Amino acid sequence: MKSISVIGSGTMGNGIAHVFAQHGFQVSLVDIQATQLEKALSTISKNMDRQVAKGSLTEEDKSAALAGISTFTDMQEGVKNAELVVEAATENLDLKLEIFKKLDQFAPASAILATNTSSISITKIAAVTQKPAQVIGMHFMNPVPVMKLVEVIRGYATSNEVTEQIMELSRNLSKEPVEVNDYPGFVANRILMPMINEAIYSLFEGVAGVAEIDTVMKLGMAHPMGPLQLADFIGLDVCLSILKVLHDGFGNPKYAPCPLLVNMVTAGYKGVKTGEGFYQYTPGSKELVVAPRFAK
């Protein structure tokens, strides 16, 4: 397997393209917006520059990796030679179903169709294709070039052969794949999101402030980043979407999103991506500043 197509060139998509290209794969990066593709290539180049500065990548390797990435705004053209397609579009069920209907038509019949979804049912996505045995979850962690874990999620109909291929492929990317079954949130987000939600409830109910909650978890539980800062990093809108999937999928009130999270997303405060969430973010600054609305 040498020819990979990645659908979506945002944070996850460009990270996935980066990792495949760095490991010698020919990558077709597909997005409906040409400007987004340009931005993605710039991001990949800058991230590779950091690797070169740290000595984990040579300039020659960087040049070869970038030369291995082609960009497309036409999905049919971008996936026509793919042996594996990795969809990394927005965490929206209707959008993913529409993409997989098209991939079923445009990608070669033998291609494996993977989704980077962090919570949506692989079985539901596979059901809109004519080859559900070839559909699988390949959930990378952010930032993709740094994080080792890949959750490999089997849909109800995913074949053993496809699962083994993706497990082996993940190892070839210097990742650590973990096979899990298809239930809402899989493993990572089924455990992580209720913790983040409980941290938000603790703030909402006045148990402690933003910095205090994060400090307890960093110093008391040895977490490298507090749950509120992590929520900002993931994107509060993404956290809300995943909690809704968990709540709808299990029908259990323990997954109900905190009203504060709902209000923040509704108001457009989504974390790092918008410049403010539980913390305030200034371009070029690494100082962690609690957002004014939560400051004491």
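Residues numbered from 1 in each chain as written. Predicted model: local features only at pLDDT ≥ 70, side-chain atom pairs only at ≥ 80, totals over all residues. Heavy atoms only, no water.

Chemist: I tried to follow the packing of helix α2 (residues 34-54) against helix α3 (residues 59-67) on my own but got confused; where do I start?
Modeler: A pair of packed helices is captured by two measures, namely the crossing angle of their axes and the spacing between those axes. It is the contact of α2 with α3, at a shortest axis distance of 10 Å, that shows an interaxial angle of 160 degrees. The angle between the axes of α2 and α3 places the two elements in the roughly antiparallel class. Crossing of α2 against α3: the hand is right-handed. Judged by residue contacts, I44, S45, M48, D49 and V52 of α2 engage E59, K62, A65 and L66 from α3. (Axes fitted to C-alpha atoms, helices over the stretch in contact; angles between N-to-C directions. Helix = DSSP H or I, 4+ residues; strand = E, 2+ residues; numbered from the N terminus. Parallel < 35°, antiparallel > 145°, perpendicular 65-115°, else oblique. Left-handed = near helix turned anticlockwise from the far one by under 90°. Contact = heavy atoms within 4.5 Å.)

Chemist: Would you explain helix α8 (residues 188-204) in this entry?
Modeler: Each full turn of the α-helix corresponds to 3.6 residues, which orients residues three or four apart in the same direction. The end-to-end C-alpha distance of α8, which contains 17 residues, comes to 24 Å, matching closely the 24 Å that a straight helix rising 1.5 Å per residue would cover. Among all positions in α8, only N189, M193, I196, N197, A199, I200 and L203 are buried. Along α8, the residues classed as buried sweep out an arc of 155 degrees about the axis, all on the same side. Buried residues belonging to α8 abut β6 (135-140), α9 (210-221), α10 (227-234), α11 (236-250) and α12 (259-266). Directly beyond the C-terminal end of α8, a positive phi value near 75 degrees is found at G206. (Expected span 1.5 Å × (residues − 1). Buried < 20%, exposed > 50% of the residue type's maximum accessible area, 1.4 Å probe, protein only. Arc of directions from axis to C-beta.)

Chemist: Hey, could you run me through the UniProt feature "site: Important for catalytic activity" (unreviewed entry) in the chain in this one?
Modeler: The UniProt record marks H139 with the feature "site: Important for catalytic activity" (unreviewed entry), using the residue numbering of this structure. Under the relative-accessibility criterion, H139 is labelled buried at 6%. At 2.8 Å, the side chain of H139 forms a polar contact with the side chain of E151. (UniProt positions renumbered as here; feature names shortened; annotations may be inferred. Polar contact = N/O pair within 3.5 Å; in protein donor to acceptor, adjacent residues only side chain to side chain.)

Chemist: Teacher, can you tell me more about the packing of aromatic side chains here?
Modeler: Two aromatic rings are characterised by how far apart their centres lie and by the angle between their planes. Following the criterion strictly, the structure yields 5 aromatic pairs and no others. Look at F20 and F25: their rings are 5.2 Å apart centre to centre, the planes differ by 90 degrees, and that puts the pair in the edge-to-face class. Take F25: its relative accessible area is 8%, and that puts it in the buried class. Summarising the aromatic geometry, the rings of F20 and F140 are spaced 6.5 Å apart at their centres and angled 70 degrees between planes, so their arrangement reads as edge-to-face. Remark: F140 occurs in strand β6 and F20 occurs in helix α1 (residues 11-22); sequence separation between them is 120 residues. Of the residues examined, F20 reaches a relative accessible area of 0% and is grouped as buried. Through a chain of ring-to-ring contacts, three or more aromatic side chains come together here, namely F20, F25 and F140. (Phe/Tyr/Trp six-rings, centres within 6.5 Å; stacked < 30°, edge-to-face > 60°.)

Chemist: Explain the domain arrangement of the chain to me, please; I cannot follow it from the model alone.
Modeler: Accessible area lost upon the coming together of the parts is a frequently used measure of interface size. Domain parsing of the chain yields domain 1 (3-181) and domain 2 (187-291). Relative to domain 2, the C-alpha centre of domain 1 lies at a distance of 26 Å. In total, domain 1 and domain 2 occlude about 630 Å² of area from one another, counting both sides; carbon and sulfur atoms represent 62% of this. Inspection of the domain 1/domain 2 interface yields 0 salt bridges. (Domains from an automatic or database assignment. Buried area = accessible area lost by both parts, 1.4 Å probe. Salt bridge = Lys/Arg side-chain N within 4 Å of Asp/Glu carboxyl O.)

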